[in-house]
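# Summary of the model geometry
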Amino acid sequence: MTLRIKEGPPGSPWDRELWGRLDKLTVTSEILAGNPLGDPVDRPLYVYVPEGVEDDRSYPSIYVIQGLTGQVDTWLNRSPFEPTMVERLDSMFSDKEVPRA
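Let me begin by describing the structure that accompanies this report.

In terms of regular secondary structure, the protein chain is built from 1 helix and 2 strands. Secondary structure elements in the protein chain, listed N-terminal to C-terminal, are β-β-α. Dimensions of the protein chain along its principal axes, counting C-alpha atoms only, are 55 × 45 × 25 Å. Across the 101 residues in the protein chain, those meeting the buried criterion constitute 15%. Here the analysis covers contacts within the protein chain between residues at least 6 apart in sequence; of these, 56% occur between residues at least 24 apart. With the model as given, the accessible surface of the protein chain reaches about 8,500 Å², and the carbon-plus-sulfur share is 56%. Put simply, the protein chain has 11 plus and 17 minus side-chain charges, and the middle of one group is 6 Å from the middle of the other.

Attention now moves to the environment of Tyr-59. Looking at where Tyr-59 falls in the secondary structure, it is placed in the loop between strand S2 (42–49) and helix H1 (85–93). Distance from Tyr-59 to Arg-100, taken between C-alpha atoms, is 7.0 Å for residues 41 residues apart in sequence.

Here the focus is the pattern of salt bridges. Tallying each qualifying case throughout the model produces 5 salt bridges. With its nearest N and O atoms 2.7 Å apart, the salt bridge here joins Glu-87 to Arg-16. Remark: Arg-16 occurs in the segment before strand S1 (21–28) and Glu-87 occurs in helix H1; sequence separation between them is 71 residues. For Arg-16, a relative accessible area of 28% gives the class partly exposed.

On to the layout of surface pockets, then. Its volume calculated, the largest pocket comes out at about 1,100 Å³. As for the largest pocket, its lining consists of 34 residues, of which Leu-45, Tyr-46, Tyr-63, Val-64 and Val-72 are closest to the centre. Of all the secondary-structure elements, those providing two or more residues to the lining of the largest pocket are S1, S2 and H1. By residue class, the composition of the lining of the largest pocket is 24 nonpolar, 8 polar and 2 charged. Each pocket or cavity is described by its volume, and for the second largest pocket that value is around 190 Å³.

So, on to unusual backbone geometry. Look at Phe-81: it is not a glycine, yet its phi comes out positive at around 65 degrees. Locating Phe-81 in the fold gives a position in the loop between S2 and H1. By relative accessible area, which is 84% here, Phe-81 ends up exposed.

On the surface, Leu-25, Val-27, Leu-45 and Val-47 cluster together to form a nonpolar patch covering roughly 260 Å² of accessible area. Listed by contribution, the elements that provide at least two residues to the nonpolar patch are S1 and S2. Tracing the chain through its elements places Leu-45 in strand S2. For Leu-45, a relative accessible area of 37% puts it in the partly exposed group.

Rules behind the numbers
Think of each chain on its own: its residues are numbered from 1, step by step along the sequence as written. Thresholds applied to this predicted model are a pLDDT of at least 70 for local features of residues and 80 or more for the giving and counting of side-chain atom pairs; totals over whole chains, interfaces and linings are not thresholded and use all residues. Calculated side-chain values reflect all of the structure's heavy atoms, with hydrogen atoms and water omitted. Secondary structure elements follow DSSP: runs of H or I of four or more residues count as helices, runs of E of two or more count as strands, with numbering from the N terminus. Exposure classes here rest on a 1.4 Å probe applied to the protein chains alone. A residue is buried below 20% of its type maximum, exposed above 50%, and partly exposed in between. What makes two residues a contact is simply this: any of their non-hydrogen atoms within 4.5 Å. The protein chains shown are the only cover counted for residues, whose accessible areas, like all others here, come from Shrake-Rupley with a 1.4 Å probe. His is not counted, nor are the chain ends, whereas Lys and Arg count as positive and Asp and Glu as negative. Every charge is mapped to an atom, namely NZ of Lys, CZ of Arg, CG of Asp or CD of Glu. Salt bridges are defined by distance alone: a side-chain nitrogen of Lys or Arg within 4 Å of a carboxyl oxygen of Asp or Glu. Only protein atoms enter the 1 Å grid used here, on which a cavity is any set of points holding a 1.4 Å probe that cannot leave and a pocket is any open set flanked by protein within 12 Å on both sides along at least five of seven lines; residues with an atom within 4 Å of a point are listed as lining. Grid points are joined across faces, edges and corners, and a volume is the space filled by probe spheres set on the points. Three categories are distinguished: nonpolar for Ala, Val, Leu, Ile, Met, Phe, Trp, Tyr, Cys and Pro, charged for Asp, Glu, Lys and Arg, and polar for the others, with Gly belonging to the last. Patch construction takes residues with relative accessible area above 30% that form no salt bridge. Like charges are linked within 9 Å, and nonpolar side chains (Val, Leu, Ile, Met, Phe, Trp, Tyr) are linked within 5 Å.

Okay, here's the thing in structure tokens:
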């Protein structure tokens with residue numbers, strides 16, 4: 001028996017393919033520059049975009065804030081046998097009856 005490296009993601013349950021897309025961006029906040037806690041000015045920002053949403057149109061936005069001590073990457077944490085928050089959101093928007101946002 002041998003162990004081989006496989007090209008591409010491992011698949012479910014570790015890396016489910018999304019119906020939409022998750023853009024992982026980095027933003028810089030001038031407001032945080034020189035803050036008393038020394039927090040970084042560069043921050044990660046995740047943007048989920050459902051399939052069918054066009055970049056040249058306006059849609060409502062839904063903001064999810066992880067709270068004081070939280071980090072955006074915790075939205076990708078997995079509990080046993082459960083989808084992540086992003087996978088749940090993706091599943092909801094895969095329903096054509098759900099309005100695009």
